[in-house]
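If you want the building blocks of each chain, they are given just below.
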Amino acid sequence: MYKELRITVIIPCLNEEQGIQRVLKRMPEFVDEVIVVDNASTDRTSEVAASLGAKVIREEVRGYGRSYKRGFTDATGDVIVTLDGDHSYPPDAISYLLEAFLHLEVDFLNASRFPVRDPRAMSLKHKIGNLILSLAMSVLYFRWVRDSQSGMWVFRRSILEGMRLESDGMAFSEEIKIEALKSPRVRFGEISIQYSSRLGEIKLNPWRDGFMNLWFLVKKRFQ
Ligand SMILES: Nc1nc2c(ncn2[C@@H]2O[C@H](COP(=O)(O)OP(=O)(O)O)[C@@H](O)[C@H]2O)c(=O)[nH]1
Ligand SMILES: [Mg+2]
């Protein structure tokens, strides 16, 4: 519990046995429920996560968005916090994010990875790609969002009810923010966290996922 709120953390994992161990070891005490969605990993992700006290659920169909939607159905907290299983997003920032979530009186708080302080955390190519995608989203939805691709969010679980979440892939990250931005009932905020270099192998395919995410933004805006 954090200030009377029940907290659920959801972590999608595709072969993150190395990262998930570090993430779970750093999980704050006040988190009530940790759900690791194992996306048909072929390594020891499930065993490692279960041994460190996480509730492990398996999603056989691969996909970042698919994993999250599976995780949401099992979540019981008042507030959901998300992050990657690769130890690139800081579990220590959860209390800071929850404080900001309450202080700013928002329903959806996006944790921006920018400015990136650790030079190893993100290549110039990824920084430029992220900037293009965030600018595109900001223009299409008339709202400045610095990090449309961040995988760390804090939101009230009840807002999921009004959302139409269709993407099963990497575009899910921008889709959930768009749904939050579009809803007049959802107050949206964003603050910075410290992003660091991931452990294990990268799952993102920068060119393919970058263009797919851009295409998804346009399609969703004009459909
Ligand atoms: N790309 C991808 N990531 C997945 C999938 N299922 C779960 N994930 C997890 O989603 C997170 C994001 O992937 P990652 O490679 O870190 O992408 P990045 O953070 O955008 O560079 C990681 O924790 C992955 O293990 C999937 O099917 N595809
Ligand atoms: Mg990652």
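Residues numbered from 1 in each chain as written. Chains lettered and ligands numbered in written order. Predicted model: local features only at pLDDT ≥ 70, side-chain atom pairs only at ≥ 80, totals over all residues.

Draft legend 1. Layout of the overall build of the protein chain. In terms of regular secondary structure, the protein chain is built from seven helices and seven strands. The N-to-C order of helical and strand elements in the protein chain reads β-α-β-α-β-α-β-α-β-α-β-α-β-α. When its C-alpha atoms are laid out on the principal axes, the protein chain stretches across 45 × 40 × 35 Å. (Helix = DSSP H or I, 4+ residues; strand = E, 2+ residues; numbered from the N terminus.)

Draft legend 2. Structural context of the nonpolar core. Residues V36, L97 and V154 are the most contacted members of the largest nonpolar core, which totals 49 residues. Per-element tally for this core: the top contributor is strand β1 (residues 7-13), with five residues. Excluding anything up to four places from it in sequence, L97 contacts V81, L109, A111 and V154. (Core = buried A, V, L, I, M, F, W, Y, C linked by C-beta atoms within 7 Å. Buried ≥ 20, exposed ≤ 12 C-beta atoms within 10 Å, placed from the backbone. Contact = placed C-beta atoms within 7 Å.)

Draft legend 3. Structural detail: the sheet that holds strand β4 (residues 79-82). Strands sit in the order β3-β2-β1-β4-β6-β5-β7 across an open sheet of seven strands; the sheet is mixed. What marks the edges here is a single partner per strand, and that holds for β3 (55-58) and β7 (188-192). For this sheet, the mean inter-axis angle between neighbouring strands, taken without regard to orientation, is 20 degrees. Pairing of β4 with strand β6 (residues 153-156) involves three bridges; the strand directions are antiparallel. Counterpart to V79 in the pairing with β6 is R156. (Pairing = 2+ DSSP bridges. Axes fitted to C-alpha atoms, helices over the stretch in contact; angles between N-to-C directions.)

Draft legend 4. Representation of the site of ligand 1 within the structure. Among the 18 residues in the neighbourhood of ligand 1, the closest are listed as L14, N39, D84, G85 and K203. Among the elements of the structure, β1 and α3 (64-74) are those that each provide at least two residues to the shell around ligand 1. Taken together, the residues of the shell around ligand 1 break down into seven nonpolar, five polar and six charged. (Near = placed C-beta within 6 Å. Nonpolar A, V, L, I, M, F, W, Y, C, P; charged D, E, K, R; others polar.)

Draft legend 5. Spatial organisation of unusual backbone geometry. The residue after F114, namely P115, is reached through a cis peptide bond having omega -5 degrees. One can find P115 in the loop between β5 (108-112) and α5 (124-141). Despite not being glycine, A40 shows a phi value in the positive range, around 55 degrees. Structurally, A40 can be placed in the loop between β2 (33-38) and α2 (45-51). The backbone phi angle of H87 is positive, close to 65 degrees, even though this residue is not glycine. Turning to its location among the elements, H87 is positioned in the loop between β4 and α4 (94-103). C-beta crowding within 10 Å serves as the criterion here: with 23 such atoms nearby, H87 is assigned to the buried category.

Draft legend 6. Up close: the packing of α5 against helix α7 (residues 206-222). Between α5 and α7, the least distance of the axes is 10 Å, while the angle of their chain directions is 5 degrees. It follows from the interaxial angle that α5 and α7 lie roughly parallel. Of the residues in α7, those touching α5 at K125, H126, G129, L133, A136, M137 and L140 are P206, G210, N213, L214, L217 and R221. Grouping the constituent residues of the contact of α5 with α7 by class yields seven nonpolar, four polar and two charged. (Parallel < 35°, antiparallel > 145°, perpendicular 65-115°, else oblique.)

Draft legend 7. Region of the structure containing helix α6 (residues 172-182). The buried count for α6 comes to eight of 11 residues, which makes it a mostly enclosed element. Buried-residue contacts for α6 involve α3, β5, α5, β6, β7 and α7.

Draft legend 8. Summary view of helix α1 (residues 17-25). Residues of α1 that are buried include every one of G19, I20, V23 and L24, and no others. The arc that holds every buried residue of α1, seen down its axis, measures 125 degrees, which confines them to one face. Where the residues of α1 are buried, they touch β1, β2 and α2. (Arc of directions from axis to C-beta.)

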